[in-house]
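Next come the chains, spelled out residue by residue.
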Amino acid sequence: MRLRSLGVALATTASLCALPLAASTAASAAETPLSQGKTVTASSQENGGTPAAYAVDGNTATRWSSAATDDQWLQVDLGATASVTQVVLNWEAAYGKDYKVQISQDGGTWTDLKSVTGGDGGLDTLAVSGQGRYVRMLGVHRATPYGYSLWEFQVFGSPSGTQAGCGTANAAQGKPASASSTENAGTPASAAFDGSTSTRWSSQPADPQWLQVDLGSVQDLCKVDLNWEAAYGKDFQIQASADGQSWNTLKSVTGASGGTASYDVSGSGRYVRILGTARGTGYGYSLWEVAVHTGTTGVPPVQGGGDLGPNVIVVDPSTPDLQQKFDDVFAKQESNQFGTGRYQFLLKPGTYNGINAQIGFYTSISGLGLNPDDTQINGDVTVDAGWFNGNATQNFWRSAENLAITPSNGTDRWAVAQAAPFRRIHVKGGLNLAPNGYGWASGGYIADSKIDGTVGPYSQQQWYTRDSSVGGWTNGVWNMTFTGVQGAPATNFDSGPYTTLDTTPVSREKPFLYLDGSAYKVFVPAKRTNARGVSWPANAGTSLPLEQFYVVKPGATAATINAALAQGLNLLFTPGVYHLDQTIDVTRANTVVLGLGLATLVPDNGIDALHVADVDGVKLAGFLIDAGPVNSDTLLRIGTPGSTADHSANPTTMQDVFIRIGGAGPGLATNSVVINSNNTVIDHTWIWRADHGSGVGWDTNRADYGLRVNGNDVLATGLFVEHFNKYDVYWSGERGRTIFFQNEKAYDAPNAAAITHDGIVGYAAYKVADTVNTHEAWGLGSYCNYTADPSIVQAHGFQVPVKSGIKLHDLLVISLGGMGQYAHVVNDTGAPTSGTNTVPSKVVQFP
């Protein structure tokens, strides 16, 4: 709500008297704008009384107004490609001084039709020339402290002839339907879409009520037919939605009299619903049939398959200068910690002799066989820390997968820190996880791998290994956790670093690209329960041809990505950095979103990067989300708020999906990851608020929460979350489980007061909400390094309710060199950390 002086209000009212006359000179009085009554969206609205739809309703007494900031927009969907010749903006007193009028074919890539600078409000009539389906006003600078406000936004021109017309077929017949209520079992929602005029849906006798149909994919909507029974709707809206959550009103009807009626509409959506707001009788709403008709806009569908782009380097054993190819990429990426280069090596099946593939930042190496042993390297796949003077604690963002390695000297070196997965590898020898010289190291993660020899962590502070086999394990510093690992050391956390579970409760290996003959396919492994050892060569799962994937390449728009998803395609992101101007919406069960070469998604203008609906079996894997400079509410959201569905038979999985706030430049996000869907499996993630790099500061890259879990029965295996301004992990779902957790508190907390809440100094690294009754976790570590104020004494690393169903096993806190301290490990239990000695304080069992 905003208040204005009476003088301003009177002046505005007076100016309105002339506006309809002025508008008539801009276009023929008989000419209806292409935009009138069409679907319209906006970046924001001032309040519920100033929605975007009011700018295209043909009524100069209603208006849209935005939030009181610059960089706001209003966008209208004309329903089909049009040749646009004129745009008329009827400003309210809060007008745009500098703004652009833009046009787009897909709602993602925009072309300027007109740039206005130094505007004076009133009526702006702009002659333009362009073709497109979407037209928007993009505000640059406001003329007043208020937002942008338009009585009307009118687009004139003519259809370009690309729309093929409105189809006669009923796109809704036989499709899944739902409703707010039913009168009884004999009047279900499905009866309104069965093609029979002798069956009907009817609701309970109350307002409002709704009836909804899922068309199966986003379609262009042109007409809706309603066949009312005697109990009809007097006032109702016809609405459409891409995700079943956010709705656009295509048509508002008042004073209807029932019977049969057809309504021309313009817009697109996967879901169509009839929202009744006032009944015509004392009974409920009742419809014999609803028919939905669709048209085409002439925009071709997104094609699946195709080449993998320039930064995917596909090789075979006969590739000339193969070693040079590895060396050239490594020279670019060895120390390129925050650069934009992204690379994926794909090795065709065969034997590669004398190769040393050194793996730098944002570089991935993978075999293209169905099994690791299909691609044999007689040589090495190496990560070392020469670029950082032998310190491996910043060897992030790289990966190796689906290979067999026979190391040249008997032991391969993989000296990594966080976000560097080692998956589905057969090492025919030993594995050294420390850098040359045994400097500091802070990793890491192994899954679905077989190491014939001994794994030597040496200087590695922590490590998690899942569903693998090892010939031996030599040592460890603080926290070495194993589940489902043949040959793992026995649990010994009291005097050692080991936590070992015989099996992993639920796991599903990461999808991967492979060659079936000469055809690329993506193998999607099946869910395993109580797994132990590797999943191969049995390879339970399914294969998807590349033609079922939109192969996303740099320059692709979010609109095209969403269109591909709406068509039922999966996504394969090739190496690159992708700026998004709209949220990627995954709404179809079993969708695969797979990245190569640490493909990176950057949400612009404060949007969320990725939403997943509350559906079964979505697989997210192998990409990085990098926060943008404008605050996002949530970078990744799995499931809608309040999700209740049971996905235990086919959970959504999040694997090698990494989150970064700052480091590559200023980044802001209130929440990094929010899990609302039940039964989700988080299998290896690093959620990181940057402590070094560009754009780093207590408020510069502010991010309050790393991971928030609201869903029930969520499992995390390999959870790394660091440096958040408030809670790193906040878990409010029931029956959650975490196996292995690594954390550092925010280095840059300016003082104890900045992190004191509810009488407690410091936000726990891992907080289980007081309302939770059942939760269990194993192998947990939190470290403090309060470089801005070493005098801070954090109350505890972990905070949980004391209840019989809450169980924590093998947890520790550490002060890194005395830079801050912990008073306790969990709640008020556990000894304080020990001054400047970097020695953990442990609790083996709580309570």
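This report concerns the structure included in the present document. (Residues numbered from 1 in each chain as written. Predicted model: local features only at pLDDT ≥ 70, side-chain atom pairs only at ≥ 80, totals over all residues. Heavy atoms only, no water.)

As for the overall build of the protein
Stated formally: The secondary structure listing takes helices from DSSP runs of H or I that are at least 4 residues long and strands from runs of E that are at least 2 residues long, numbered from the N terminus. Atoms counted for the radius of gyration: C-alpha only. Globule rule: 2.2 Å times residue count to the power 0.38. Exposure classes here rest on a 1.4 Å probe applied to the protein chains alone. A residue is buried below 20% of its type maximum, exposed above 50%, and partly exposed in between. In what follows, residue pairs with any heavy atoms lying within 4.5 Å of each other are defined as contacts. Only the protein chains shown count as cover for residues, and the accessible areas themselves come from Shrake-Rupley with a 1.4 Å probe.
A count of helical and extended segments in the protein gives four helices and 56 strands. Here the protein has a C-alpha radius of gyration of 29 Å; the compact-globule value for 847 residues is 29 Å, and the two agree. Projected onto the principal axes, the alpha-carbon positions of the protein cover approximately 85 × 60 × 60 Å. Counting every position in the protein, which comprises 847 residues, the buried fraction comes to 60%. Taking the intrachain contacts of the protein between residues at least 6 apart in sequence as the baseline, contacts between residues at least 24 apart amount to 67%. Surface summary for the protein: the accessible area is close to 29200 Å², and the carbon and sulfur share equals 50%.

Notes on helix α4 (residues 558–566)
Of all nine residues in α4, seven are buried, a share of seventy percent or more. Within α4 the residues assigned to the buried category are A558, A559, I561, N562, A564, L565 and A566. In this structure, the buried side of α4 is in contact with β10 (209–228), β34 (549–552), β35 (570–573), β36 (577–580) and β37 (584–586).

Details of the state of the cysteines
Worth spelling out the cut-off: For this text, the term disulfide refers to a pair of cysteine sulfurs within 2.5 Å.
In the structure shown here, the tally under the stated rule is one disulfide. Between the sulfur of C166 and that of C222 lies a disulfide, 1.9 Å long from S to S. When the S-S torsion is 85°, as for the bridge of C166 with C222, the disulfide is right-handed. Here C166, found in the loop between β7 (149–159) and β8 (177–179), pairs with C222, found in strand β10; they are 56 residues apart in sequence, far enough to count as distant. According to the relative accessible area criterion, C222 is buried, its value standing at 9%.

Examining unusual backbone geometry
For the bond running from D207 to P208, omega is -10°, close enough to zero to count as cis. In this fold, P208 is placed in the loop between β9 (201–202) and β10. For the peptide bond that leads from G443 to G444, omega is -20°, which places it in the cis range. Checked against the element boundaries, G444 lands in the loop between β23 (430–432) and β24 (445–447). The residue N402 is not glycine, and still its phi comes out positive at about 65°. Turning to its location among the elements, N402 is positioned in strand β20 (residues 398–406). For N402, a relative accessible area of 1% puts it in the buried group.

Describing the environment of G139
Residue position: G139 is located in strand β6 (residues 123–142). Judged by its relative accessible area of 1%, G139 is buried. For G139 and D758, which are 619 residues apart along the polypeptide, the C-alpha to C-alpha distance reads 42 Å. Among all residues touching G139, those that are not within four sequence positions of it are D71, Q72, D98, Y99 and Y148.

What to know about the environment of T504
Following the sequence through the fold, T504 ends up in strand β29 (residues 504–508). Since its relative accessible area comes to 0%, T504 is described here as buried. For T504 and T529, which are 25 residues apart along the polypeptide, the C-alpha to C-alpha distance reads 7.1 Å. Beyond its immediate chain neighbours, meaning those up to four positions away, T504 contacts R466, D467, T483, G484, T529, N530, A531 and T717.

Here's the deal with the nonpolar core
So the rule is basically this: As used in this record, nonpolar core signifies buried Ala, Val, Leu, Ile, Met, Phe, Trp, Tyr and Cys residues forming a set joined through side-chain atoms within 4.5 Å.
Formed by 82 residues in total, the largest nonpolar core has its most connected members in L571, F573 and L620. Excluding residues within four positions of it along the chain, L571 makes contact with F549, Y550, V552, I561, A564, L565, I584, V592, V593 and L594. I355, I377, I425 and W463 belong to the second largest nonpolar core, which has 37 residues in total.

A word on the sheet that holds strand β31 (residues 519–525)
Put simply, the rule reads: Two strands are counted as paired when DSSP detects at least two bridges linking them. Only the contacting stretch of a helix is used when fitting its axis, a line to C-alpha atoms as for every element, and angles between N-to-C directions run 0 to 180 degrees.
The sheet built from three strands is open, its strands ordered β30-β31-β33 with antiparallel pairing. A single partner strand is all that each edge strand has here, and the edge strands are β30 (512–516) and β33 (541–545). On average, each strand axis in the sheet is tilted by 40° relative to the strand beside it, whichever way the strands run. Direction of pairing for β30 relative to β31: antiparallel, over a ladder of five bridges. Bridged to L513 within β31 is V522.

Thoughts on the packing of aromatic side chains
This is how it is decided: Between rings of Phe, Tyr and Trp, where Trp is taken as its six-membered ring, a pair exists when centres lie within 6.5 Å; planes separated by under 30 degrees are stacked, by over 60 edge-to-face, and by other angles tilted. By definition here, charges over rings are those cases where NZ of Lys or CZ of Arg is within 6 Å of the ring centre and within 35 degrees of the ring normal.
Per the stated rule, a full pass over the model turns up 35 aromatic pairs. Considering the side-chain rings of F326 and F345, the 4.5 Å spacing of their centres and the 40° angle between planes classify their relative orientation as tilted. Remark: F345 occurs in strand β16 (residues 343–347) and F326 occurs in helix α3 (residues 322–333); sequence separation between them is 19 residues. Considered together, F326 and F345 belong to a single accessibility category, that of buried residues. Ring centres of F361 and W387 lie 5.4 Å apart, and the angle between their planes is 80°; on these two criteria the pair is classed as edge-to-face. With F361 in the loop between β17 (350–358) and β18 (363–367) and W387 in the loop between β19 (375–382) and β20, this residue pair connects regions lying 26 residues apart in the sequence. Classification of F361 by relative accessible area gives buried; the value is 0%. Ring-pair connections join several aromatic residues into one group, and the members of that group are F338, F361, Y362, W387, F388, F396, W397, W686 and W688. In this structure, R342 is placed above the aromatic ring of Y362, and the distance from its NZ or CZ to the ring centre is 3.7 Å. If you follow K842 out to its NZ or CZ, it ends over the ring of F493, 4.5 Å from the centre.

Observations concerning the pattern of salt bridges
Where side chains of opposite charge bring their charged atoms close, a pairing between them can arise. Note the threshold: A pair is scored as a salt bridge if a Lys or Arg side-chain nitrogen falls within 4 Å of a carboxyl oxygen belonging to Asp or Glu.
Summed over the entire model, instances satisfying the criterion amount to 31 salt bridges. In this structure, E509 engages R423 in a salt bridge whose closest nitrogen and oxygen atoms are separated by 3.8 Å. Here R423 lies in strand β22 (residues 422–427) and E509 lies in the loop between β29 and β30, a separation of 86 residues in the sequence. Like R423, E509 is buried. Connected via shared salt-bridge partners are R423, R466, D467, E509, R528, D656 and D683.

What to know about the sheet that holds strand β51 (residues 766–768)
The strands making up a sheet associate through backbone hydrogen bonding, with each pair oriented either parallel or antiparallel. With respect to topology, nine strands assemble into an open sheet ordered β37-β39-β41-β43-β45-β47-β51-β53-β55, the strand pairing being parallel. Because the sheet does not close on itself, it has two edges, and the strands there are β37 and β55 (821–826). Mean inter-strand twist for the sheet, computed between neighbouring axes without regard to direction, equals 25°.

A look at the pairing of strand β3 (residues 73–91)
Counting buried residues along β3, 16 of its 19 residues qualify, which places the element largely inside the surrounding structure. As paired strands, strand β1 (residues 39–42) and β3 are joined by four bridges and run antiparallel to one another. Counterpart to T39 in the pairing with β3 is D77. Bridge count for β3 against β6 is 13 bridges, and the pairing is antiparallel. By the bridge assignment for β6, V84 is matched with G130. By the bridge criterion, nine bridges tie β3 to β7 in an arrangement that is antiparallel.

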